[in-house]
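Residue strings, one per chain:
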Amino acid sequence: MAKAPVLTPRADDFPRWYQDLVNKAELADNGPVRGSMVIRPYGYGLWERMQQEMDARIKETGTQNAYFPVLIPQSYLAREADHVEGFAPELAVVTHGGGKELEEPAVVRPTSEMIINEYFSKWVQSYRDLPLLINQWANVVRWELRPRLFLRTSEFLWQEGHTAHATYEEARDFAALIHRKVYEDFMVNVLAMDVVPGRKTVKERFAGAINTLTLEGMMGDGKALQMATSHELGQNFAKAFQTRYLSKEGKQELVWQTSWGSTTRMIGALVMMHGDDNGLRVPPRLAQVQAVVLAIKGDDAVLAKVHEIGDRLRAAGVRVRVDDRTDTPFGRRVVDWELKGVPVRIEVGPRDLENGTAMLARRIPGGKEPVAIDALAGLLPTLLEEDQALLLRQSRERRESRTSDVAGLGEAVEVAAAGGWARIPWADLGEEGEAALAAHAVTVRCLVAEDGSVPDSDDAPGNVAIVARAY
């Protein structure tokens, strides 16, 4: 009788495969309140690595980290009508505290434009205070009716940047800088994810923004996932909070603002873009464990050698874990590390010691071969970079092979329903066509220029709509 697979095959049931993998790779578990999530140590380790990489890029732009309260007076949200309307269905509101009804209800942070602008209006007095560049790493709550771990949960972790500038041009350019130099660079060069940078349509724009820039990734089933967004807020919030500065000419002027964010949703994207029927495949530049050295048996010489190999690899700059849990069957440990997607496994047993070799298994391209133990430290950094490049190439090839140019709305729906992306001239689709797509659970993910760049306006000549079903 055939042995049951560890994971539901992706081709049989992609959503079930995703849930199996998140569970069995020990990434997360459902929390006690519907829509909440417990991020387990291995999953949180991935988030920590993402934080480190993005935080460094954010700070290179001159942005500083700060922290703002999780509870926001409900009256703050009423100051910007479009913003509050956009978030109203997702709000969690605290009405009692300390055993008493609150004089004013407090909203659990769904995003921080409101409370941050309250303080920006105090901190910005003169042109010398600009630009004001703030980021915070925090949690937010947006009540979710159809939760799915990492992709849609009522509470999730994120970073949110908020900035104030003297001119529209400065704000526009800073939003584009974050989009390009922080998010796209991180996703392509660390997550090994091919993403399409584009401009959201008016319908898909962030509530209260005048422009939203997005990065869209194609998952393994062909659906799109919005990976990160950067917003030009114009002066909408500045007007609501009277955030003004004294210009060099001695005039009181409203600031121009941006906000931008990325979330733990990226862990879900990592699963769906790079995972296979054996589990995760973690890009080496992201991996908290790039190589695991496994002792096959609890022989004293084997145990000493796996720790020696671990030390050599650490000295070579490889993030390594030694697995000497020989009281757990070797086959089970191999399956566990495959599920977790560690890029390289180095297996050592008594016979390997006799030959001066170790068995090298590569998770990303697959396959295993004996390698001289003395060669491992010199070889691994090169192999890890090869595997990083392979994941990005596979990601790009998937998107390119499953993206089609179409002539009309009907063809766009067919392509999206079949698990692909459609490209259609925005002039042919327009807002009416976008509304018609919604009836088929299809959306315009973003607008791009003919050459694939980000267009300067919603109606720029030659704009192309990227159309797909999405998470």
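One can find the structure itself at the top, above this paragraph.
Let me begin by describing the structure that accompanies this report. Because the structure is predicted, anything quoted here is derived from the model rather than measured. (Residues numbered from 1 in each chain as written. Predicted model: local features only at pLDDT ≥ 70, side-chain atom pairs only at ≥ 80, totals over all residues. Heavy atoms only, no water.)

1. Digging into the overall build of the protein chain
- Check the secondary structure of the protein chain and you find 14 helices and 23 strands.
- Taken over the C-alpha trace, the protein chain has a radius of gyration of 25 Å; the compact-globule value for 471 residues is 23 Å, and the two agree within 12%.
- Dimensions of the protein chain, computed from the C-alpha atoms along their principal axes, are close to 80 × 55 × 50 Å.
- Taking all 471 residues of the protein chain together, the buried fraction comes to 54%.
- Contacts spanning at least 24 positions in sequence make up 68% of the contacts within the protein chain whose residues lie at least 6 apart.
- Carbon together with sulfur atoms contributes 48% to the accessible area of the protein chain, which is approximately 20700 Å² in total.
- If you average the places of the 56 positive and of the 67 negative side-chain charges in the protein chain, the two averages end up 3 Å apart. (Helix = DSSP H or I, 4+ residues; strand = E, 2+ residues; numbered from the N terminus. Rg over C-alpha atoms; globule rule 2.2 N^0.38 Å. Buried < 20%, exposed > 50% of the residue type's maximum accessible area, 1.4 Å probe, protein only. Contact = heavy atoms within 4.5 Å. Areas by Shrake-Rupley, 256 points an atom, 1.4 Å probe, with all protein chains shown as cover. Lys, Arg positive; Asp, Glu negative; His and termini not counted. Charge placed at Lys NZ, Arg CZ, Asp CG, Glu CD.)

2. Let's talk about the packing of helix α1 (residues 14-24) against helix α8 (residues 265-274)
- It is at 11 Å that the axes of α1 and α8 come closest, and there the two elements cross at 120°. Classified by the angle their axes make, α1 and α8 are oblique. The handedness of the crossing between α1 and α8 is right-handed. Listed contacts from α8 to Phe14, Trp17, Tyr18 and Leu21 of α1 are Gly268, Val271 and Met272.
- Of the residues belonging to the contact of α1 with α8, the class tally is 6 nonpolar, 1 polar and no charged. (Axes fitted to C-alpha atoms, helices over the stretch in contact; angles between N-to-C directions. Parallel < 35°, antiparallel > 145°, perpendicular 65-115°, else oblique. Left-handed = near helix turned anticlockwise from the far one by under 90°. Nonpolar A, V, L, I, M, F, W, Y, C, P; charged D, E, K, R; others polar.)

3. Structural notes on the sheet that holds strand β16 (residues 320-323)
- Taken in spatial order, the 5 strands of this open sheet run β16-β15-β17-β18-β19, and their pairing is mixed. Strands at the two margins of the open sheet, each flanked by one partner only, are β16 and β19 (368-372). Direction aside, neighbouring strands of the sheet carry axes that sit 25° apart on average.
- Strand direction decides the pairing type here: strand β18 (residues 357-362) and β19, joined by 5 bridges, are antiparallel. (Pairing = 2+ DSSP bridges.)

4. Points about the environment of alanine 238
- Mapped onto the elements, alanine 238 comes out in helix α7 (residues 236-241).
- Assessed through its relative accessible area of 0%, alanine 238 is described here as buried.
- Along the sequence, alanine 238 and glutamate 253 sit 15 residues apart, while their C-alpha atoms lie 9.8 Å from each other.
- Sequence-distant contacts of alanine 238, that is, excluding residues within four places in its chain, are made with Thr243, Leu254, Val255 and Gln257.

5. Remarks on the side chain of histidine 165
- In this structure, histidine 165 sits in strand β8 (residues 155-165).
- One polar contact links histidine 165 to threonine 163, side chain to side chain, over a distance of 2.7 Å. (Polar contact = N/O pair within 3.5 Å; in protein donor to acceptor, adjacent residues only side chain to side chain.)

6. Digging into the sheet that holds strand β4 (residues 71-73)
- Strand order in the open sheet made by the 3 strands is β4-β6-β5, with antiparallel pairing throughout. The open sheet has two edge strands, β4 and β5 (93-97), and neither has a second partner. Pairs of neighbouring strands in the sheet enclose a mean axial angle of 50°, with direction left out of account.
- Judged from the 3 bridges that link them, β4 and strand β6 (residues 100-108) form a sheet pairing that is antiparallel. When the bridges of β6 are listed, isoleucine 72 appears paired with valine 107.

7. Comments concerning the pattern of salt bridges
- In total, this model carries 29 salt bridges according to the counting rule given.
- Linking arginine 396 and aspartate 194 is a salt bridge whose minimum nitrogen-to-oxygen distance equals 3.3 Å. Taken together, the positions of arginine 396 in helix α12 (residues 376-401) and aspartate 194 in the loop between α6 (168-189) and β9 (195-199) put the pair 202 residues apart, joining distant regions of the chain.
- Judged by relative accessible area, which is 33%, arginine 396 ranks as partly exposed.
- Arginine 345 is the salt-bridge partner of glutamate 347, the closest N and O atoms lying 2.9 Å from each other. In terms of burial, glutamate 347 and arginine 345 fall into one category: buried.
- Each of Arg49, Glu53, Arg57 and Asp185 takes part in one network of salt bridges that share partners. (Salt bridge = Lys/Arg side-chain N within 4 Å of Asp/Glu carboxyl O.)

8. Quick look at unusual backbone geometry
- Cis geometry marks the peptide bond from leucine 130 to proline 131, where omega comes out at -5°.
- The backbone of glutamate 26 sits at a positive phi, close to 60°, despite the residue not being glycine.
- Topologically, glutamate 26 is positioned in the loop between α1 and β1 (28-30).
- Among the residues examined, glutamate 26 registers a relative accessible area of 33% and is labelled partly exposed.
- Although it is not a glycine, alanine 441 adopts a positive phi angle of roughly 60°.

9. A word on the layout of surface pockets
- Reported here for the largest pocket is a volume of approximately 1600 Å³.
- Forming the boundary of the largest pocket are 47 residues, of which Glu90, Arg142, Arg152, Gln226 and Arg265 lie nearest the centre.
- Within the residue set of the lining of the largest pocket, elements represented by two or more residues are α4 (81-87), β8, β11 (224-234), β14 (256-263) and β22 (443-448).
- A class-by-class count of the residues in the lining of the largest pocket yields 17 nonpolar, 14 polar and 16 charged.
- Taken as a whole, the second largest pocket holds about 320 Å³ of empty space.
- Of all elements in the fold, only α6 and β10 (211-218) reach the threshold of two or more residues within the lining of the second largest pocket.
- The greatest single-element share of the lining of the second largest pocket, amounting to 6 residues, is contributed by α6.
- Of the residues belonging to the lining of the second largest pocket, the class tally is 6 nonpolar, 2 polar and 6 charged. (1 Å grid on protein atoms, 1.4 Å probe; cavity = no way out; pocket = protein on both sides within 12 Å on 5 of 7 lines; lining within 4 Å. Points joined across faces, edges and corners; volume = space filled by probe spheres on them.)

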